[in-house]
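In case you want the letters, here they are:
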Amino acid sequence: MDLENTSPDLSTNTSNNQNTDIRALNELIEKESAFVDLIKLEMNKIIIGQSHMVERLLIALLADGHILLEGVPGLAKTLAINTLAKTIDADFSRIQFTPDLLPADLLGTMIYNQKKEEFISKQGPIFANFILADEINRAPAKVQSALLEAMQERQVTIGEQSYKLQEPFLVMATQNPIEQEGTYPLPEAQVDRFMLKVVLDYPTKEEEKLVLRANVSLDGFPKPNKVVSIETILKARKVVKQVYMDEKIEQYIVDIVYATRTPKEYGMPELEALIENGGSPRASIALATTAKAYAFIKKRGYVIPEDVRAVCHDVLRHRIGLSYEAEAEEVTTETVINTILNKVDVP
């Protein structure tokens, strides 16, 4: 079956019982998504060989989610989110997580103003559009829980006062998979708050040669230009929600997530002993939202099964808990997800 040329029924939207004009929606999204190419073009001037990371950053931005990156140092993680912030002229803040970091270092604190003879709030680095939480697993539980409120509630409490965080608000956290000494494992509740978890690999030889050349040249890296406004991003988020999702696609998403919980029901009894816990309802929501954002990036007004499959690994890899048996057999979440995708019926 040619998934790219598969289009849903043009007459009705069974998921919300409203008439949906797919052709008009396609035209709208083709027009509204034009800025995606501008951002990619600008970022590709600076970020070499990490197209998957760049695309996932855009998906997280459009789907109003957060992203966790796992990879060794030197893979342009900081450069990527900093460049993205500059292309839309947004505030960027980098926070280096360390074992001695305090919640006040992240959120801000109350300080005494001698002139006014009163306490006033001093806002911390969390008050920005794009936050890079570098080596997030180096911070203790109190700091991680403070970040959790900001990520989930989109607000920060300093003293007795709560402050709304500005939109867009995107947290990109990084983890170093090699160095585990002096790190604190992220609580499952916090990991689940990340819409996507992206695992980065080394660049190819050709890509590394381009990176090397750009770093040692006299000109150096070009400066990113502002190509899109914050207002355009916020408007695009509303358009992403309009992307059509057929009831069959919704069922496909639910089946994939349910297969992580009860694999035996889907003809995969061999996974039963390997999975400790499957994806929560947040996994289903994230799969649907990111599939819509992926379709938007591809300039399509409707979601096809291939969109769901494209984002599935990044949405589920941190939401499936493996058993000791799986670890003993060296079974990874990637293997589990591949098995599920191969077994669950594609609509």
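Before going into details, it helps to say that this report is about the structure given with it. (Residues numbered from 1 in each chain as written. Predicted model: local features only at pLDDT ≥ 70, side-chain atom pairs only at ≥ 80, totals over all residues. Heavy atoms only, no water.)

Counting its secondary structure elements, the protein contains 14 helices and 13 strands. The buried share of the protein, taken over its 347 residues, is 48%. Summarising the internal contacts of the protein: among those between residues at least 6 apart in sequence, 78% fall at separations of at least 24. Accessible surface, the protein as shown: approximately 17,500 Å² in total, 50% of it carbon and sulfur. Across the protein, 38 positive and 51 negative side-chain charges occur, with their mean positions spaced 6 Å apart. (Helix = DSSP H or I, 4+ residues; strand = E, 2+ residues; numbered from the N terminus. Buried < 20%, exposed > 50% of the residue type's maximum accessible area, 1.4 Å probe, protein only. Contact = heavy atoms within 4.5 Å. Areas by Shrake-Rupley, 256 points an atom, 1.4 Å probe, with all protein chains shown as cover. Lys, Arg positive; Asp, Glu negative; His and termini not counted. Charge placed at Lys NZ, Arg CZ, Asp CG, Glu CD.)

Another aspect to go through is a nonpolar patch on the surface. On the surface, a nonpolar cluster with roughly 330 Å² of combined accessible area is contributed by Met-110, Tyr-112 and Phe-119. According to the relative accessible area criterion, Phe-119 is exposed, its value standing at 55%. (Patch = residues over 30% accessible without salt bridge, like charges linked within 9 Å, V, L, I, M, F, W, Y side chains within 5 Å. Salt bridge = Lys/Arg side-chain N within 4 Å of Asp/Glu carboxyl O.)

On to helix α11 (residues 281-297). Along an α-helix, a turn takes 3.6 residues, which lines up residues three or four apart on a common side. Look at α11: 25 Å from first C-alpha to last across 17 residues, which is about the 24 Å you get at 1.5 Å a residue. α11 sits mainly inside the fold: 13 of its 17 residues count as buried. Remark: Lys-299 follows α11 within two positions and exhibits a positive phi of approximately 60°. (Expected span 1.5 Å × (residues − 1).)

The tally for this structure, following the rule as stated, stands at two aromatic pairs. Their ring planes at 45° and their centres at 6.2 Å tell us that Phe-35 and Phe-296 sit as a pair that is tilted. Taken together, the residues span a long stretch of sequence, with Phe-35 in helix α2 (residues 34-44) and Phe-296 in helix α11 at a distance of 261 residues. Classification of Phe-296 by relative accessible area gives buried; the value is 0%. Aromatic pair Phe-127 and Tyr-163: ring centres 6.2 Å apart, planes at 85°, arrangement edge-to-face. Here the residue Phe-127 occupies a position in the loop between β6 (118-123) and β7 (130-134), and Tyr-163 occupies one in strand β9 (residues 161-164), the gap between them amounting to 36 residues. Here Arg-261 stacks its cationic end above the ring of Tyr-258, 4.6 Å away from the centre of that ring. (Phe/Tyr/Trp six-rings, centres within 6.5 Å; stacked < 30°, edge-to-face > 60°. Lys NZ or Arg CZ within 6 Å of the ring centre and 35° of its normal.)

All right, on to the pairing of strand β4 (residues 92-96) then. Only one face of β4 is covered, namely the face carrying Ser-93 and Ile-95; the face carrying Phe-92, Arg-94 and Gln-96 is uncovered. Strand direction decides the pairing type here: β4 and β7, joined by five bridges, are parallel. Pairing of Phe-92 across the sheet is with Phe-130, part of β7. (Pairing = 2+ DSSP bridges.)

Here we take up unusual backbone geometry. A negative phi holds for most residues other than glycine; trans holds for most peptide bonds. Each neighbour pair has its own omega, and for Glu-167 with Pro-168 the value is -5°, a cis peptide bond. Looking at where Pro-168 falls in the secondary structure, it is placed in the loop between β9 and β10 (170-175). Notably, Lys-299 is not glycine yet its phi reads approximately 60°, a positive angle. Residue placement: Lys-299 occurs in the loop between α11 and α12 (305-316). On the basis of relative accessible area, Lys-299 is assigned to the partly exposed category, the value being 26%. Unlike most non-glycine residues, Glu-330 shows phi in positive territory, near 60°. Position of Glu-330 among the secondary structure elements: in the loop between α13 (324-328) and α14 (333-343). Glu-330 sits in the exposed class, given a relative accessible area of 70%.

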